[in-house]
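Fold and geometry: a report
One letter stands for each residue in the lines below.
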Amino acid sequence: MDFNKTANGILEHIGGEKNVQHVIHCMTRLRFNLHDNSKVDRKKIEKVPGVMGTNVSGDQFQIIIGNDVSKVYNAILGNSSIKTEGSSKKSGKSKNVINTILDVISGTFTPILPAIAGAGMIKGLLAIALTLGWLSAEDQIYIILNAIGDGAFYFLPILLAVSAARKFGSNVYVAAAIGAALLHPTLTTLLSAGEKVSFLGLPVTAVTYSSSVIPILLAVWVASYVEKWIDRITPSVVKLIVVPTLTLVIVVPVTLIALGPIGSIIGNWLSVGVGLLFEHGWIFAGLILGGTWSLIIMTGMHYAFIPIAMNNITTKGYDVILPSMFMANLGQAGAAFGVALRSKNKSFKSLAMTTSLTAVMGITEPAMYGVNMRLKKPFIGGLIGGAVGGAYYSAVGVKYFILGGNVGLPGVASFIGETFVLALLGLPIAFAAGAISTYIMGFKDVDSEEEVETLESNEVDVNESKTDGIVAAEKVYSPIKGEMKPLSEVNDPTFSSGIMGKGFAIQPAEGKVVSPVAGRVTTIFKTKHAIGITSDNGAEILIHVGLDTVKLNGKHFTAYVKDGDFVDVGKTLVTFDMEAIKAEGYDLITPVIITNPDRYQTIEPVKQGKVEEREAFLALLV
C-alpha cells in the first residue's frame, strides 16, 4: 500500500484538511471529527486504495483501514497541518447529549488503549505463569512484572485525566495532578480508615479512586470549565501561578466532596443493572448482547461499556459483559470463513480467509467491512454466530478477569480463572455458528468482472485527483503594514518549524489585516484572530494575528468578512486593538503562511524589511 497516496485520497474526499477538527485512530480505523460531514464523499473515499469502508458514529466519521491504520494516520499528519486533538475551531453544530457522551468516552479511551492492552497482556501472561507453576507470587521477577502490569490500571485515573484534558481542551498536567492527588497514599489511607472525613466542614465520602473511571472524567470535565474561567479573569503576568493553583484547590476538594461519590454511584448503578440483566436474563442476556455487539461497535457505543466493565473488575473481580464481544468477533471471523468456503472467486476467497484469521486475532473490521458487510448476508451470519456464542457464555457463566485490550485469541488470558476452560470452548462455538449460518444462507458472490471494475474505478479516481487543485504562479501582497521577519524568529514551534507551511511573519505597525490576494475566505475563526483564504489561482494562505491570541476569545478583534466571502486584494478582513492586546501580554507577531507549499517549486520574498499594506510580499513560482 502507498500510504501517502491513501492519505492524500482521504484528505481530498473528506472535504480537505480544513474540514477536519481533529483525528485519532484506534486499532483499525481513523476517527475524524469534522466541521461539516456533508462535505465528505463517502463513495470516493471507499474507492481509495487501502480503505476498507466507512462508518458514521454520532458526529464522528470513521474510515476503516485495518492493520496499517497507524501508517496511514502518520501519513495524514505528515501531509497536512491537521491536529490530533481538539482544535480551537468549532463546527458550530450542536450535539445531542448521547453523541457528546459517546464522543468523550471514545476520544478519551482510544489514546490510552495501547497502555491498557499492554499492561493487560502482561497480567494475563503472569496469570498463565502462576497457573502452570512457572512463577510464584513471591518471586521477585513476578513482583516486578506484576507492578508493570498493575501500574496502568492502578493509576488509570492519571492516564484518563491526561487523555480527557486533551479532549476537553484543558491543561493536561493540571489534570494529571488532580488524578495524582486522588491517588495519594496519605489520602487513600485517610479515606480507608473508616473514620469520618471532612473538608471545611463538608463531609468527604470514602471512595476508592484507584482503577476508577467515571470520577476522574467528571473531575477533569469540571476542571476544564474552572480553569478557563480563572484564566479569563486573571491578569497575564500572574496566570502561570494563579490559574493552576486555584484550579487544583477548587477541583480536588469538589471531587472528594461531590464528583467522586456521584461518579462512584453512577458506576455502581450501571454495574448492578448489567449484573441483574445477566443474573435474571440467563441465556437471553448473552444472546442479545453477543448478537448485537457488532452493531454496537459500528455505532461507537461499545466505548460506553468500558467504564462499566472496568468498574465490575474493580469491585467484583470479574466482568460478564466483554465476553460477549469475544463471541461477536469470533462470529464475524466464522462468517468470513464461510465466505471463503463458498466463494468461487479466487482472489476474494483469499481475502475472506485472510480477514477471517485477522478477526480470530481480535481485529474484526477487515472481515466485517471488507467481506461480510459487502456481501450483506454473511454479516447477518456473523451476528448469528455472536448470538449463539453469547447465549452459551451466559448459560455457563463465563467470567472475564483482566481488561486485556484484545478481544480475540491473543486475549484469552483475560479468562484465566474458574471459567477458563468453558471460555475456550465458546470460541469454536461462535466461529462455527457464524461459518455454518453463512454457508447455509449463501450470498451473491463477487465475480471477476466486479473486481476488475472496482480496480478500474480506483485508477480513474486517482488520475482524476491529479487534475484537481491546479495552481498558478502569483504574487501575494502584504496583509499588514509592518516589518517582515523570518518564521524562525516566531516564538511558536508550530510556525517556526514550518509544520504549518512556508512563508514569513510581520511585526504589525497598525491593527488592520487586508486580503493579500483575490479569492475566497475559506475560514475565519470565531475568535477572529486567524483567517484562511484561497486565492483564485489556488494558493492557500493562513494569516494568524499574534501568538496564543485565541485565548482572547475574540476580545479586541473586529471581523469584516465571514466564511465563503469573495474578496479582492486590499479588502479589510479584520481590525484589532494593538495596545489592548499588548497590555494583556500577547505577542502580536503575525505569521503569513502558504499552507499548500508542495504545489510550488519556490516560495520567496519579494522584498525585505519594512513592508506596506498591499505591497508585493511573496512570489509563488510553479
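Residues numbered from 1 in each chain as written. Predicted model: local features only at pLDDT ≥ 70, side-chain atom pairs only at ≥ 80, totals over all residues. Heavy atoms only, no water.

For the rest of this paragraph, the subject is the nonpolar core. One finds Ile216, Val220 and Leu256 to be the most contacted residues of the largest nonpolar core, which totals 38 residues. Apart from residues lying up to four places away in sequence, isoleucine 216 is in contact with Pro157, Leu160, Ala161, Ile178, Gly179 and Leu182. The next biggest cluster of nonpolar side chains, apart from the first, holds 33 residues, and it includes Val545, Phe576, Tyr600 and Phe617. (Core = buried A, V, L, I, M, F, W, Y, C linked by side-chain atoms within 4.5 Å. Buried < 20%, exposed > 50% of the residue type's maximum accessible area, 1.4 Å probe, protein only. Contact = heavy atoms within 4.5 Å.)

We now examine helix α7 (residues 172-182). All of the buried residues along α7 are Val172, Val174, Ala175, Ala176, Ile178, Gly179 and Leu182. Among the residues of α7, the N-terminal cap falls to asparagine 171, whose side-chain oxygen and the backbone nitrogen of tyrosine 173 are separated by 2.9 Å. (Helix = DSSP H or I, 4+ residues; strand = E, 2+ residues; numbered from the N terminus. Polar contact = N/O pair within 3.5 Å; in protein donor to acceptor, adjacent residues only side chain to side chain.)

Spatial ordering of the open sheet is given by β10-β16-β14, a layout of 3 strands whose pairing is antiparallel. Of all strands in the sheet, those with a lone pairing partner are β10 (512-514) and β14 (557-559), marking the two edges. Neighbour-to-neighbour, the strand axes of the sheet open up by a mean angle of 15°, direction not taken into account. (Pairing = 2+ DSSP bridges. Axes fitted to C-alpha atoms, helices over the stretch in contact; angles between N-to-C directions.)

What follows deals with the pattern of salt bridges. Within this structure, the stated rule accounts for 5 salt bridges. Lysine 562 is paired through a salt bridge with aspartate 565; the nearest N and O atoms lie 3.3 Å apart. Given the relative accessible area of 55%, lysine 562 is considered exposed. (Salt bridge = Lys/Arg side-chain N within 4 Å of Asp/Glu carboxyl O.)

All right, on to the side chain of threonine 549 then. Within the secondary structure, threonine 549 is located in the loop between β13 (540-544) and β14. Apart from residues no more than four positions distant in its own chain, threonine 549 is found in contact with His529, His544, Phe557, Ile581 and Tyr586.

Our focus in this paragraph is the pairing of strand β8 (residues 482-486). Where β8 meets strand β9 (residues 502-508), 5 bridges bridge the pair, whose relative direction is antiparallel. Each bridged residue has a counterpart across the sheet, and for glycine 482 the counterpart in β9 is proline 508. As defined by bridge partners, β8 adjoins strand β19 (residues 610-611) across 2 bridges and the pair is classed as antiparallel. Looking at β19, one finds that glycine 482 is bridged to valine 611.

Glancing now at the pairing of strand β4 (residues 60-64). The buried fraction of β4 amounts to 5 of the 5 residues, a majority that puts the element mostly inside the structure. The side-chain alternation of β4 yields two buried faces, one formed by Gln60, Gln62 and Ile64 and the other by Phe61 and Ile63. Where strand β2 (residues 29-34) and β4 come together, 5 bridges link them in antiparallel fashion. Along β4, the bridge assignment pairs phenylalanine 32 with phenylalanine 61.

Turning our eyes to something else, we now look at a nonpolar patch on the surface. A surface patch of nonpolar side chains, about 350 Å² in accessible area, is lined by Ile380, Ile384, Val388, Ile429 and Met441. Elements represented by at least two residues in the nonpolar patch include exactly α16 (377-396) and α17 (420-441). Looking at which element gives the most residues to the nonpolar patch, the answer is α16, with 3 residues. Structurally, the position occupied by methionine 441 is in helix α17. (Patch = residues over 30% accessible without salt bridge, like charges linked within 9 Å, V, L, I, M, F, W, Y side chains within 5 Å. Areas by Shrake-Rupley, 256 points an atom, 1.4 Å probe, with all protein chains shown as cover.)

Taken together, the side chains of Arg342, Lys344, Lys349 and Lys377 define a basic patch exposed on the protein surface. The topology assignment puts arginine 342 in helix α13 (residues 322-342). (Lys, Arg positive; Asp, Glu negative; His and termini not counted. Charge placed at Lys NZ, Arg CZ, Asp CG, Glu CD.)

This next bit is on the sheet that holds strand β15 (residues 566-567). A sheet is described by the order of its strands in space; here 8 strands give the open sequence β15-β11-β12-β13-β17-β9-β8-β19, paired in antiparallel fashion. If you trace the sheet from one side to the other, it starts and ends with β15 and β19, each paired once. Pairing between β9 and strand β17 (residues 590-594): 5 bridges, direction antiparallel. Paired with glycine 503 across the bridge in β17 is isoleucine 593.

The subject of this paragraph is the packing of aromatic side chains. Within this structure, the stated rule accounts for 9 aromatic pairs. Look at tyrosine 154 and phenylalanine 155: their rings are 4.9 Å apart centre to centre, the planes differ by 75°, and that puts the pair in the edge-to-face class. Judged by relative accessible area, tyrosine 154 falls into the partly exposed class, the value being 33%. Each ring, one from phenylalanine 557 and one from phenylalanine 576, has its centre 6.0 Å from the other, and the planes form 35°; the classification is tilted. Separated by 19 residues along the polypeptide, phenylalanine 557 in strand β14 and phenylalanine 576 in strand β16 (residues 572-576) bring together distant segments of the chain. Side by side, phenylalanine 557 and phenylalanine 576 carry an identical accessibility label, which is buried. Among the aromatic residues, ring-to-ring pairing joins Phe326, Tyr392, Tyr393, Tyr400 and Phe415 into one connected group. The aromatic ring of tyrosine 439 is capped on one face by arginine 342, whose charged end is 5.5 Å from the ring centroid. Positioned above the aromatic ring of tyrosine 318, the side-chain terminus of lysine 399 is 4.3 Å from the ring centre. (Phe/Tyr/Trp six-rings, centres within 6.5 Å; stacked < 30°, edge-to-face > 60°. Lys NZ or Arg CZ within 6 Å of the ring centre and 35° of its normal.)

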